[in-house]
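A look at the structure
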Amino acid sequence: MNERGLKVLFLGPEGTYSHQAALQQFQCMPNVEYLPATSIPQCFDKLEKDASINYSVVPLENSTNGQVVFSYDLLRDRMMPKALSFTASTETNNRIQADIEVVAEQYVSITHCLISPIKLSNGIESLGKFQEVIIYSHPQVWGQVDGYLKSLEEKFPQLTFTRTDCSSTSASVNQCLQSQTACPDSILHLAIASETAARLYKAHIIGHSINDKLGNTTRFLVLARREDMRNNMFKHSELPQVNLLTFTIRQDDPGSLVDVLNVLKIHSLNMCSISSRPFHLNEDDRNWRYLFFIEYYTDKNAPEDNETFYKDISEKSKQWCLWGTFSRNKMYYHK
Ligand SMILES: O=C(O)C(=O)C[C@]1(C(=O)O)C=C[C@@H](O)C=C1
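The text that follows walks through the structure, step by step, so that each part is easy to find. The structure presented is a predicted model; accordingly, all values stated were derived computationally and were not measured. (Residues numbered from 1 in each chain as written. Predicted model: local features only at pLDDT ≥ 70, side-chain atom pairs only at ≥ 80, totals over all residues. Heavy atoms only, no water.)

1. A short note on the pattern of salt bridges
All told, the structure shown has 17 salt bridges when counted by the stated rule. Between Asp77 and Arg76 there is a salt bridge; the shortest N-O distance is 3.0 Å. Judged by its relative accessible area of 12%, Arg76 is buried. Residue Asp146 is joined to Lys150 by a salt bridge in which the shortest nitrogen-to-oxygen separation is 2.6 Å. Here the residue Asp146 and the residue Lys150 both occupy positions in helix H4 (residues 139-155), the gap between them amounting to four residues, near one helical turn. A relative accessible area of 24% places Asp146 in the partly exposed class. Within this structure, Glu61, Glu105, Arg219, Glu295 and Arg328 form a network of salt bridges that share partners. (Salt bridge = Lys/Arg side-chain N within 4 Å of Asp/Glu carboxyl O. Buried < 20%, exposed > 50% of the residue type's maximum accessible area, 1.4 Å probe, protein only. Helix = DSSP H or I, 4+ residues; strand = E, 2+ residues; numbered from the N terminus.)

What follows is the structure, given as structure tokens:
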């Protein structure tokens with residue numbers, strides 16, 4: 001940390017779940033400046049380009065509707081150009097070093113509210129007075145409240161409901177306030193966001209805890225520039241270390257995915273997650289190629305440079321990248 005303190009980027013504006021994750025991560029540090037980004041891509045770009053920014057907090061997955069694909073794809077996109085340059089060369093070392101690194105994880109419990117820009121005398125029952133309802137939120141939210149929105153549609157069959165994407169949940173509250181000021185009385189603009197966001201904008205909550213699964217949680221990654229992390233200030237705790245690794249396989253070789261996973265087994269490493277995203281290198285490349293994301297545990301006393309493990313991964317995969325080794329957050333274990 002420099003004398004001027006830390007600068008931490010998050011998906012803004014204030015009042016987003018990402019903001020909450022950033023506060024949770026850095027609340028015990030003195031002198032932290034929280035900087036709102038306008039999109040998830042900006043959370044990556046600014047961290048890479050602006051040396052004054054120390055960390056960026058991005059959502060990765062939700063316990064109800066899974067991957068935040070924007071973040072997965074932004075990690076993938078950072079591997080892509082380096083993967084292309086390997087294909088073109090005769091390089092034997094197939095390990096890719098990314099410029100950013102994952103240094104910690106955070107978990108935020110999600111409690112969505114249905115938020116109105118105007119006070120409705122009869123709460124949710126007042127929707128019956130309108131002809132059209134336009135609901136704004138972050139695209140990740142729709143899959144978390146789908147059952148609730150369907151039940152609203154059934155309750156008010158005469159109403160037209162439209163879902164509109166916004167850059168974040170908190171931005172959606174601002175959007176519904178703006179839109180409501182210049183629209184006919186027959187249309188109501190609503191937002192889905194946290195109670196904090198509703199309070200921040202002095203908007204009105206007409207439905208609380210509307211997510212289909214209560215206890216729904218979003219997992220966030222804390223990113224830093226690799227070159228700045230030589231003195232990693234995130235002390236490794238007593239909890240297991242999580243390693244995030246991505247790899248491509250020699251797709252036409254039968255068993256090539258199993259071969260990579262078997263390396264974990266041989267080294268007695270327990271895998272705790274696996275997923276994949278499309279990995280289409282360029283227009284000359286085949287359409288159906290995948291990048292696999294795995295996470296596995298290592299002991300806190302394990303050597304940082306597990307050379308034989310890396311050598312085996314290099315041998316069995318086409319290309320691979322280790323994004324970071326960080327302590328499991330104890331909130332991972334909470335229901
Ligand atoms: O819009 C926000 O509040 C965010 O922080 C983004 C985000 C996400 O992309 O997953 C974070 C948590 C919720 O699951 C919904 C939206």
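2. Observations concerning the sheet that holds strand S13 (residues 271-278)
Sheets are built from strands paired through backbone hydrogen bonds, the pairs being either parallel or antiparallel. Spatially, the four strands line up as an open sheet ordered S13-S14-S12-S15, and their pairing is antiparallel. Strands with a single pairing partner mark the edges of an open sheet, and in this sheet they are S13 and strand S15 (319-327). Each adjacent strand pair in this sheet contributes to an overall mean axis angle of 15°, direction not counted. When strand S12 (residues 241-248) meets strand S14 (residues 290-298), the two strands line up antiparallel, connected through seven bridges. Among the inter-strand pairings, Leu245 is bridged to a residue of S14, identified as Ile294. Across the sheet, helix H7 (residues 256-266) lies against S12, S13 and S14, angled at about 15° from S14, the strand it touches most. (Pairing = 2+ DSSP bridges. Axes fitted to C-alpha atoms, helices over the stretch in contact; angles between N-to-C directions. Contact = heavy atoms within 4.5 Å.)

3. Here we look at unusual backbone geometry
The omega torsion across Gly12 and Pro13 is -5°, close enough to zero to call that bond cis. Within the element layout of this structure, Pro13 appears in the loop between strand S1 (6-11) and helix H1 (17-26). A positive phi angle, close to 50°, is found at Ser209, a residue other than glycine. Residue placement: Ser209 occurs in the loop between strand S10 (204-207) and strand S11 (217-225). What makes Ser209 partly exposed here is its relative accessible area of 31%. Of note in the backbone geometry, Ser268 takes a positive phi value of approximately 55° without being a glycine.

4. Remarks on the sheet that holds S10
If you walk across this open sheet you meet the five strands as S8-S7-S9-S6-S10, and the pairing is mixed. Two strands in the sheet have a free side with no partner beyond their single neighbour: strand S8 (160-165) and S10. With strand direction ignored, the average angle separating the axes of adjacent strands in the sheet is 35°. As paired elements, strand S7 (residues 132-137) and S8 share six bridges and run parallel to each other. Looking at the pairing, Tyr136 lines up with Thr164 of S8. Packing of H4 onto the sheet brings it into contact with strand S6 (113-116), S7, S8, strand S9 (187-193) and S10, and relative to S8 it is tilted by some 175°.

5. Thoughts on the site of the ligand
Near the ligand lie 16 residues; those nearest to it are Tyr17, Ser18, His138, Thr169 and Thr218. Measuring from an oxygen atom of the ligand, one finds a side-chain N or O atom of Ser18 at 2.6 Å. Within the contact set of the ligand, an oxygen atom lies 2.5 Å away from a side-chain nitrogen or oxygen of Thr169. Taken together, the elements giving at least two residues each to the shell around the ligand come down to H1, strand S3 (55-62), H4 and S11. Broken down by element, the shell around the ligand gets its largest block of residues, three residues, from H4. (Near = heavy atom within 4 Å. Polar contact = N/O pair within 3.5 Å; in protein donor to acceptor, adjacent residues only side chain to side chain.)

6. Notes on the packing of aromatic side chains
As enumerated under the stated definition, the model contains eight aromatic pairs in all. Here the aromatic rings of Tyr107 and Tyr332 are separated by 6.0 Å at their centres, their planes lie at 65°, and the arrangement is edge-to-face. Of this pair, Tyr107 sits in strand S5 (residues 100-109) while Tyr332 sits in the segment after S15, placing them 225 residues apart in sequence. Residue class for Tyr107 comes out buried when judged on its relative accessible area of 7%. (Phe/Tyr/Trp six-rings, centres within 6.5 Å; stacked < 30°, edge-to-face > 60°.)

7. Let's talk about the packing of H7 against helix H8 (residues 307-316)
It is the contact of H7 with H8, at a shortest axis distance of 9 Å, that shows an interaxial angle of 175°. As far as their axial angle goes, H8 and H7 are roughly antiparallel. Between H7, through Ser256, Asp259, Val260, Val263 and Leu264, and H8, the contact on the second element is made entirely by Phe309, Asp312, Ile313 and Lys316. Tallied by class, the residues present in the contact of H7 with H8 amount to five nonpolar, one polar and three charged. (Parallel < 35°, antiparallel > 145°, perpendicular 65-115°, else oblique. Nonpolar A, V, L, I, M, F, W, Y, C, P; charged D, E, K, R; others polar.)

8. A word on the side chain of Glu105
Within the fold, Glu105 resides in strand S5. A polar contact is formed between the side chain of Glu105 and the side chain of Arg219, at a distance of 2.9 Å. There is a polar contact of 2.9 Å between the side chain of Glu105 and the side chain of Arg328. Ignoring any residue separated from it by four or fewer positions in sequence, one finds Glu105 in contact with Gln25, Arg219, Phe220, Phe326, Ser327, Arg328, Asn329 and Tyr332.

9. Notes on H7
Burial in H7 covers these residues: Ser256, Val260, Val263 and Leu264. For H7, the arc enclosing every buried residue in end-on projection is 115°, short of the 170-degree limit, so these residues lie on one face. Residues of H7 that are exposed and point more than 90 degrees away from the buried face comprise Val258, Lys265 and Ile266. Of the residues trailing H7, Ser268 is marked for its positive phi of about 55°. (Arc of directions from axis to C-beta.)

By themselves these figures say nothing about function.
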